[in-house]
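Analysis of the macromolecular model
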Amino acid sequence: MVNARRTNGSDVQVLLPKLQFTGTQMSVVVAASGFQSGADDCAKAHGIACVRLVDNAWMYISRHTVTTPHPRSPARTPATR
């Protein structure tokens with residue numbers, strides 16, 4: 001059995017500059033060993049989903065969505081007739 005550490009908040013924070021630089025709307029962190037509470041808190045604060053791989057099956061720890069529109073997408077307005 002491999003003794004791997006659980007993902008912590010610092011691991012999630014490493015992604016933040018990359019997400020901001022690329023303008024990514026959605027992101028996911030996948031861990032086989034689970035997440036510490038700091039990782040989940042950081043992910044929630046930044047709209048990052050946490051997924052754990054258990055026995056070759058995905059277990060969603062948290063699902064987060066960002067509600068702000070993508071800067072390149074046009075604003076949706078009601079159609080006028």
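Because the structure is predicted, anything quoted here is derived from the model rather than measured. (Residues numbered from 1 in each chain as written. Predicted model: local features only at pLDDT ≥ 70, side-chain atom pairs only at ≥ 80, totals over all residues. Heavy atoms only, no water.)

1. Notes on the sheet that holds strand β3 (residues 57–62)
The three strands lie next to each other as β1-β2-β3, forming an open sheet whose pairing is mixed. The open sheet has two free edges, formed respectively by β1 (27–31) and β3, since each of these has just one partner strand. Strand-to-strand twist of the sheet, defined as the mean angle between neighbouring strand axes without regard to direction, takes the value 30 degrees. The pairing of β1 with strand β2 (residues 48–54) spans five bridges and is classified as parallel. Along β2, the bridge assignment pairs valine 29 with cysteine 50. (Pairing = 2+ DSSP bridges. Helix = DSSP H or I, 4+ residues; strand = E, 2+ residues; numbered from the N terminus. Axes fitted to C-alpha atoms, helices over the stretch in contact; angles between N-to-C directions.)

2. A few points about the nonpolar core
The biggest cluster of nonpolar side chains holds 11 residues, and these are Val12, Leu16, Leu19, Val29, Ala31, Phe35, Ala39, Cys42, Ala43, Ile48 and Cys50. If you list the elements that add at least two residues to this core, you get α2 (16–22), β1, α3 (37–45) and β2. Top element by residues in this core is α3. It accounts for three residues. If we skip the residues at most four places from it in the chain, cysteine 42 touches Gly9, Val12, Gln13 and Leu16. (Core = buried A, V, L, I, M, F, W, Y, C linked by side-chain atoms within 4.5 Å. Buried < 20%, exposed > 50% of the residue type's maximum accessible area, 1.4 Å probe, protein only. Contact = heavy atoms within 4.5 Å.)

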